[in-house]
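A look at the structure
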Amino acid sequence: MTDLALGRPAADRDRLLRLLRLLQNYGVYLGVAVLLLVNIAFTPHFLSGENFRTQAVQVAPVLVVALGMALAIGSEGVDLSVGSVMALSTSLVSLYLGYGMWVALIVALLGGMVVGLANGSLIAFIGVQPIVATLALMVAGRGLALVLLPQLRDVRDPTMASLGSGDLLGVPYLVLIATALALLVAFVVRRTTFGRQLLAIGDSRPAALLAGLPVRRVLIIVYVVCGALAALAGVLATARLSASDPTSLGNLMELSAITAVVVGGTPLSGGRVRIGGTVAGAVLIQLLTATLIKHDLPPSWTQIAQAVVIVLAVYAARERGKR
């Protein structure tokens with residue numbers, strides 16, 4: 001009887017650990033399903049094709065940023081400058097759009113890559129902690145964006161308008177771009193030498209150094225790619241809104257991206273990247289935001305809800321790590 005009594009706490013803990021493991025691996029999909037059911041039941045016109053198109057278009061920039069953030073977190077880092085890179089991107093697009101959309105796009109991407117190169121160099125060569133390095137670029141990037149474009153400016157360009165509102169066989173261009181990038185990043189992480197090196201560095205940087213892996217080069221590439229994806233997200237958001245507004249574009253985007261990645265099952269401790277979970281996490285954030293807005297709750301509740309989701313996801317990962 002005593003043995004049975006002693007065994008109950010261990011059995012209860014094993015059940016709790018199994019539940020936490022299931023929540024971490026599949027909780028984001030459950031969350032998406034629950035939000036869908038809630039909206040189907042209580043949100044008027046939720047099942048309309050126009051609503052689904054709107055939700056998909058709005059989630060595309062978040063997903064593009066989250067893909068870069070997943071790589072940074074997978075390397076045991078983080079990039080807090082992604083929102084500022086979006087703002088810098090929209091400023092550059094507005095300034096160079098007169099030369100054509102493709103020129104503006106290239107300049108915007110180069111701007112994001114330069115910020116990423118600065119982040120990666122500070123982290124890889126100087127040894128600055130990722131949160132400190134990217135925080136500095138977060139402040140500097142937003143400031144530079146406002147210097148280049150101090151106020152909102154309308155974007156009147158047919159090609160940009162087509163990118164923001166056009167579609168292929170009924171699927172918006174923005175959704176197609178985000179989906180293609182998600183598949184590409186998933187392939188890189190799972191099937192390439194670079195992806196394996198990234199995960200090894202995130203799992204243990206000292207061990208990766210001892211193994212002779214090109215740690216500095218990989219880290220720089222990670223942050224350059226993260227900056228480029230954030231810049232592209234800025235271009236996509238600018239095209240969708242038909243306006244450049246560096247004062248507000250990208251505000252708190254780092255929060256949304258980190259939430260999508262962490263809720264999707266990528267641990268903050270690095271060493272693993274779950275792209276499918278990141279996609280579902282971005283969809284979850286968008287559905288959560290849309291649900292609160294459609295039911296007349298203030299935007300501040302969205303930020304509170306995201307913070308709660310992050311805490312729960314991190315707690316589940318922490319408890320799983322104790323196993």
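Residues numbered from 1 in each chain as written. Predicted model: local features only at pLDDT ≥ 70, side-chain atom pairs only at ≥ 80, totals over all residues. Heavy atoms only, no water.

**Some details on the overall build of the protein**
Filter applied, for reference: Here a helix means four or more residues in a row that DSSP labels H or I, a strand means two or more in a row labelled E, and each is numbered from the N terminus. The quantity called the radius of gyration is restricted to C-alpha atoms. Its globule counterpart is 2.2 Å times the number of residues to the power 0.38. Here, residues are in contact when the closest pair of their heavy atoms is within 4.5 Å. Here, Shrake-Rupley sampling with a 1.4 Å probe gives the accessible areas, and only protein chains in the shown set may cover a residue. Charge assignment: positive for Lys and Arg, negative for Asp and Glu; neither His nor the chain ends contribute. By convention, the point assigned to a charge is CZ for Arg, NZ for Lys, CD for Glu and CG for Asp.
Along its length, the protein carries 13 helices and 4 strands. Taking 20 Å as the expected radius of gyration for a compact globule of 323 residues, we find that the protein reaches 21 Å, a close match to that expectation. On the principal axes, the C-alpha backbone points of the protein span a range of 80 × 55 × 35 Å. Across the protein, contacts joining residues at least 24 apart in sequence account for 78% of those joining residues at least 6 apart. When the accessible surface of the protein is totalled, it reaches about 15600 Å², and 68% of it is carbon and sulfur. Taken as two groups, the 23 positive and 14 negative side-chain charges of the protein have centres that lie 8 Å from each other.

**Here we look at a nonpolar patch on the surface**
The cut-off we apply is this: Here the term patch refers to residues with relative accessible area over 30% and no salt bridge, with like charges joined within 9 Å and nonpolar side chains (Val, Leu, Ile, Met, Phe, Trp, Tyr) within 5 Å. Salt bridge, as applied in this entry: a Lys or Arg side-chain nitrogen positioned within 4 Å of an Asp or Glu carboxyl oxygen. Exposed residues in this analysis have more than 50% of their type's maximum accessible area, buried residues have under 20%, and partly exposed residues fall in between, with area computed by a 1.4 Å probe over protein chains only.
The grouping of Leu95, Tyr96, Tyr99, Val103, Leu144, Val147 and Leu148 at the surface amounts to a nonpolar patch, some 640 Å² of accessible area in total. When residues of the nonpolar patch are traced back to their parent elements, those giving at least two are helix H3 (82–96) and helix H5 (130–148). The element best represented in the nonpolar patch is H5, accounting for 3 residues. Relative to the assigned elements, Leu95 resides in helix H3. Judged by relative accessible area, which is 34%, Leu95 ranks as partly exposed.

**Quick notes on helix H12 (residues 275–294)**
Let me state the cut-off plainly: A helix is expected to reach a length of 1.5 Å times the quantity of its residues less one.
Here H12 spans 28 Å end to end across 20 residues, near enough to the 28 Å set by a 1.5 Å rise per residue. Extensive coverage of H12 is indicated by the burial of 15 of its 20 residues.

**A short note on the layout of surface pockets**
Under the convention used in this document: Residues are called lining when one of their atoms sits within 4 Å of a cavity or pocket point, these points coming from a 1 Å grid over the protein atoms alone, where a cavity is a set in which a 1.4 Å probe fits but cannot get out and a pocket is an open set with protein on both sides within 12 Å along at least five of seven lines. Grid points are joined across faces, edges and corners, and a volume is the space filled by probe spheres set on the points. Residue type decides the class: Asp, Glu, Lys and Arg count as charged, Ala, Val, Leu, Ile, Met, Phe, Trp, Tyr, Cys and Pro as nonpolar, and the leftover types, Gly among them, as polar.
Taken as a whole, the largest pocket holds about 760 Å³ of empty space. As for the largest pocket, its lining consists of 28 residues, and the residues nearest its centre are Val62, Asn251, Ser256, Gln286 and Thr289. Grouping the amino acids of the lining of the largest pocket by side-chain chemistry returns 13 nonpolar, 13 polar and 2 charged.

**A closer look at the packing of helix H2 (residues 49–74) against helix H11 (residues 253–263)**
To characterise two packed helices, one gives the angle between the axes of the helices and the distance between these axes. Worth spelling out the cut-off: Between the N-to-C directions of two axes lies an angle of 0 to 180 degrees, each axis being a line fitted to C-alpha atoms and, for a helix, fitted only over the stretch in contact. With respect to orientation, any angle under 35 degrees is reported as roughly parallel, any angle over 145 as roughly antiparallel, any angle of 65 to 115 as roughly perpendicular, and every other angle as oblique. The hand of a helix crossing depends on one turn: near helix anticlockwise from the far one by less than a right angle means left-handed, and clockwise means right-handed.
Taken N-terminus to C-terminus, the directions of H2 and H11 make an angle of 65 degrees; their axes are 8 Å apart at the nearest point. As the angle between them shows, H2 and H11 are arranged roughly perpendicular. H11 is crossed by H2, and the crossing has right-handed handedness. Residues Val62, Val65, Ala66, Met69, Ala70 and Ile73 of H2 lie in contact with H11, whose contacting residues are Met253, Glu254, Ser256, Ala257, Ile258, Ala260 and Val261.

That's the geometry; what it means functionally is another story.
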